[in-house]
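# A structural walkthrough
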Amino acid sequence: MAGLRFCPECNNMLFAKENKAERTLMLHCESCQHEQPADDKCVFRNTMTLSASRLFNFQDVASDPTLPRANDVECARCHHNEAVFMKDPVSKDSEGLTLHFICTNCKHNWKPDFLGAG
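Residues numbered from 1 in each chain as written. Predicted model: local features only at pLDDT ≥ 70, side-chain atom pairs only at ≥ 80, totals over all residues. Heavy atoms only, no water.

Counting across every chain of the model gives zero disulfides. C10 takes part in no disulfide bond, and the closest cysteine sulfur, belonging to C29, lies 3.4 Å away. Judged by its relative accessible area of 0%, C29 falls in the buried class. (Disulfide = S-S within 2.5 Å. Buried < 20%, exposed > 50% of the residue type's maximum accessible area, 1.4 Å probe, protein only.)

See the structure below:
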């Protein structure tokens, strides 16, 4: 697992460096020139989690002119018949295509049970 490593001689941070002759990953101290073999080949790990509420502001999405519009759906909240739609931002590929509809009038968003229903 990637993490900070420190020099055993001067306690400064060790940096990843390639040993081209031996084709190995080394940890190198820039202060005292100490080198040691890396015990793990992972030098950086970035773990990301997605949340639809953090990624999208559905209020703004309704006025996006680049999104497709549907005129044959009815909003359950205001009964307006126009909505923009887009692929659900957090659905996994294994779940298939899931659509999000956003009413252009009241900004209410919903997922239909099946295509053509709201």
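That was the structure; now back to the text.
Scanning the model with the defined rule gives three salt bridges in all. With its nearest N and O atoms 3.3 Å apart, the salt bridge here joins E35 to K17. Here E35 is found in strand β3 (residues 35-37), whereas its partner K17 is found in strand β1 (residues 14-19), with 18 residues between them in sequence. What makes E35 partly exposed here is its relative accessible area of 36%. In this structure, R69 engages E82 in a salt bridge whose closest nitrogen and oxygen atoms are separated by 3.7 Å. Of the two residues, R69 is situated in strand β4 (residues 69-70) and E82 in the loop between β4 and β5 (83-87); the sequence distance between them amounts to 13 residues. Take R69: its relative accessible area is 37%, and that puts it in the partly exposed class. Taking relative accessible area as the criterion, E82 reaches 25% and is therefore assigned partly exposed. (Salt bridge = Lys/Arg side-chain N within 4 Å of Asp/Glu carboxyl O. Helix = DSSP H or I, 4+ residues; strand = E, 2+ residues; numbered from the N terminus.)

What follows deals with the pairing of strand β6 (residues 99-103). Of all five residues in β6, five are buried; the element is thus mostly enclosed. Judged by which residues are buried, β6 turns out to be covered on both faces: L99, F101 and C103 on one side and H100 and I102 on the other are all buried. One ladder, built from five bridges, connects β5 with β6; its direction is antiparallel. Across the sheet, K87 pairs through a bridge with L99, a residue of β6. Of the pairings in the sheet, the one linking β6 to strand β7 (residues 109-110) comprises two bridges and is antiparallel in character. By the bridge assignment for β7, I102 is matched with N109. Here β6 hands over to β7 after five residues, with K107 in that stretch at a positive phi of 70°. (Pairing = 2+ DSSP bridges.)

A few words on unusual backbone geometry. The phi dihedral of N11 falls on the positive side, at around 65°, and the residue is not glycine. Looking at where N11 falls in the secondary structure, it is placed in the segment before β1.

What follows is about the nonpolar core. Nonpolar side chains in soluble globular proteins generally cluster together in the buried interior. Counting residues in hydrophobic clusters, the biggest one holds eight residues: A70, V73, C75, A83, L99, F101, C103 and W110. Tallying contributions element by element places β6 first for this core, with three residues. Counting residues in each nonpolar core, the second largest holds seven residues, with F58, A62, V84 and I102 among its members. (Core = buried A, V, L, I, M, F, W, Y, C linked by side-chain atoms within 4.5 Å.)

Let us look at the environment of T24. Secondary-structure assignment places T24 in strand β2 (residues 24-29). Each C-alpha atom, one on T24 and one on P37, is 7.6 Å from the other, the two residues being 13 residues apart in sequence. Leaving out residues up to four positions away in the same chain, T24 has contacts with K17, E18 and N19. (Contact = heavy atoms within 4.5 Å.)

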